[in-house]
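Per-entry structural report
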Amino acid sequence: MAQTYVKALYDFHTSETQEIPLLTGDVVRVLRKVDDNWLKGSLHGKIGNFPANFVQTVQLPAISTGQKIFAATRSFPAEVAGDLGFQKGIPLST
């Protein structure tokens, strides 16, 4: 079964223990749909609910056995020849 990942479009601040806060660009693994307005997911080792309208589905590239996908937690501009620049939340495969 394919896993679904979403990327936060907006910050979501919460003090509720059953919810997870989001920062713009965070990539969250979706565990299930709670209802039309909320999803349950996993982020940074925490599991909780977050608003469905704050995120968009991430289309991950097809990978082969043994390959890994990484998503940047911060943006990094390439400033030196040979550096790989990337944006927060954009998946990369190896």
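Note that the structure is a prediction, hence the values are computed from the model and not measured.

**Section: the sheet that holds strand β4 (residues 46-51)**
- Reading across the sheet, the 5 strands line up as β4-β3-β2-β1-β5 and stay open at both edges, with antiparallel pairing between neighbours. Lying at the two open borders of the sheet, with one neighbouring strand each, are β4 and β5 (55-57). For this sheet, the mean angle separating the axes of adjacent strands, direction not counted, is 45°.

**Some details on the nonpolar core**
- V6, A8, F12, I20, L22, V28, V30, L39, L43, F50 and V55 form the largest nonpolar core, which has 11 residues in total.
- Broken down by secondary-structure element, the contributors of at least two residues to this core are β1 (4-8), β2 (27-33) and β3 (38-43).

**A few points about the pairing of β1**
- Bridge count between β1 and β2: 4 bridges; the pairing is antiparallel. Across the sheet, the residue bridging to T4 is V30, located in β2.
- Relative to β5, β1 runs antiparallel, the two being bridged by 3 bridges. Note that in β5 the partner of A8 across the bridge is V55.

**So, the packing of aromatic side chains**
- Counted by the stated rule, this structure contains 3 aromatic pairs.
- Plain terms: the ring middles of F12 and W38 are 6.0 Å apart, the flat faces sit at 70° to each other, and that makes the pair edge-to-face. Of this pair, F12 sits in the loop between β1 and β2 while W38 sits in strand β3, and the two are 26 residues apart along the sequence.
- The class of F12 is buried, set by a relative accessible area of 11%.
- Aromatic rings pair up to connect Y10, F12, W38 and F54 into one cluster.

**Focus on the pattern of salt bridges**
- Evaluated as defined, the whole model comprises 1 salt bridge.
- Linking D36 and K33 is a salt bridge whose minimum nitrogen-to-oxygen distance equals 3.2 Å.
- Residue classification places D36 among the exposed positions, given a relative accessible area of 64%.
- Look at K33 and you get exposed, because its relative accessible area is 55%.

**Digging into the pairing of β2**
- Bridge count between β2 and β3: 4 bridges; the pairing is antiparallel. Pairing of K33 across the sheet is with L39, part of β3.
- Counting the residues between successive antiparallel strands, the hairpin from β2 to β3 contains 4 residues.

Each value, and the rule that gives it
Residue indices follow the written sequence of each chain, beginning from 1 at its first position. For this predicted model, a pLDDT threshold of at least 70 governs which residues receive local features, and a threshold of 80 or more governs which side-chain atom pairs are given and counted, while totals over whole chains, interfaces and linings are taken from all residues. The side-chain numbers reported here are obtained from all heavy atoms of the structure, hydrogens and water having been left aside. A pair of strands is labelled paired if DSSP reports no fewer than 2 bridges between them. Elements are defined by DSSP. Helices are runs of H or I of four residues or more, strands are runs of E of two residues or more, and each kind is numbered from the N terminus. Axis angles are defined between N-to-C directions and span 0 to 180 degrees, where every axis is a line fitted to C-alpha atoms and, for a helix, only to the segment in contact. By nonpolar core is meant a set of buried Ala, Val, Leu, Ile, Met, Phe, Trp, Tyr and Cys residues that side-chain atoms within 4.5 Å join together. Between buried and exposed lies partly exposed: a residue is buried under 20% and exposed over 50% of the maximum accessible area for its type, with that area taken using a 1.4 Å probe on protein chains only. Think of it this way: a Phe, Tyr or Trp ring, Trp meaning its six-membered ring, pairs with another when their centres are within 6.5 Å, and the plane angle makes it stacked under 30 degrees, edge-to-face over 60, tilted otherwise. A carboxyl oxygen of Asp or Glu within 4 Å of a side-chain nitrogen of Lys or Arg is what we treat as a salt bridge.

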